[in-house]
Amino acid sequence: KGKSRGCFLRQLLRTTSLHISQNEGGKSQSKQATKTKFLRAVILTMSIKQKLLLSFGTITFILIVLTSYAAVQMTSMNSDYKFLIEDRVYKVNESTKMQNAIAKQGIYLRSYVLRQNEQDLTNLSAQHEVIDQHIAALEQVFTDDVMFDELAQIKNNQEMFLQYAEEIVTATNANDFE
């Protein structure tokens, strides 16, 4: 019980020198066996206080390492989700709004043919402006060539729709339903 730290270190050095002298004395032992015997000797010469300190220190070290690893992983996951939310979700929302505007264009055109109400034409042109705004917004955030090709196809389809819509409006105004 009265062993001090210096006393423990002296005893450790004696045990180490004892094992080294045994190996030099002609007994051939493998390095693993020597290490195992050395560790056993060190553990047997330790007091309960030292053993408890060593075990709690080891547990504390493991907890610190695991906590650090978890913090790094959480930071990595946070940056991944930030990218998804800030970039991908924005693009999906803009695309969804554009799809809704495209669908509404068809509804307003059909409504104009059936009712011939000028409000439907106003709504049709408003949806056209909404689509142009969303295309412009998406052009600024897309960086991939495939997405630029998709946007070019959407623009082309929109122009074709507007040409056909103009022909339908002209035919509807002339009462030419054939």
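Presented here is a report on the structure given in the accompanying data block.

Here's the deal with the overall build of the chain
Then, in step 1: For the chain, the helix and strand inventory stands at five helices and zero strands.
Then, in step 2: Starting at the N terminus and walking to the C terminus, you meet the elements of the chain as α-α-α-α-α.
Then, in step 3: Of all intrachain contacts in the chain linking residues separated by at least 6 positions in sequence, the fraction that spans at least 24 positions is 62%.
Then, in step 4: Total accessible area computed for the chain in this model is approximately 13,700 Å², and 60% of it derives from carbon and sulfur atoms.

Comments concerning unusual backbone geometry
Then, in step 1: With phi around 55 degrees, Q116 is a residue other than glycine that occupies positive phi space.
Then, in step 2: Tracing the sequence through the fold places Q116 in the loop between α3 (48-115) and α4 (118-141).

Here's the deal with the pattern of salt bridges
Then, in step 1: Here the structure, examined in full by the defined rule, presents two salt bridges.
Then, in step 2: Between R115 and D120 there is a salt bridge, with its nearest N and O atoms 2.9 Å apart.
Then, in step 3: Taking relative accessible area as the criterion, R115 reaches 53% and is therefore assigned exposed.

Considering the packing of α3 against helix α5 (residues 145-173)
Then, in step 1: Their axes nearest at 10 Å, the elements α3 and α5 cross at an angle of 15 degrees. Taken together, the axes of α3 and α5 are roughly parallel relative to one another. Helix-helix and strand crossings are classified by hand; for α3 and α5 the assignment is left-handed. The segment α3 lies against α5, with M98, I102, Q105, G106, L109, Y112 and V113 engaging I154, Q158, F161, L162, A165, I168, V169, T172 and N173.

Considerations on the environment of I168
Then, in step 1: Inspection of the secondary structure assignment puts I168 in helix α5.
Then, in step 2: Beyond its immediate sequence surroundings of up to four residues, I168 is in contact with L109 and V113.

Parameters and conventions
Residues numbered from 1 in each chain as written. Predicted model: local features only at pLDDT ≥ 70, side-chain atom pairs only at ≥ 80, totals over all residues. Heavy atoms only, no water. Helix = DSSP H or I, 4+ residues; strand = E, 2+ residues; numbered from the N terminus. Contact = heavy atoms within 4.5 Å. Areas by Shrake-Rupley, 256 points an atom, 1.4 Å probe, with all protein chains shown as cover. Salt bridge = Lys/Arg side-chain N within 4 Å of Asp/Glu carboxyl O. Buried < 20%, exposed > 50% of the residue type's maximum accessible area, 1.4 Å probe, protein only. Axes fitted to C-alpha atoms, helices over the stretch in contact; angles between N-to-C directions. Parallel < 35°, antiparallel > 145°, perpendicular 65-115°, else oblique. Left-handed = near helix turned anticlockwise from the far one by under 90°.

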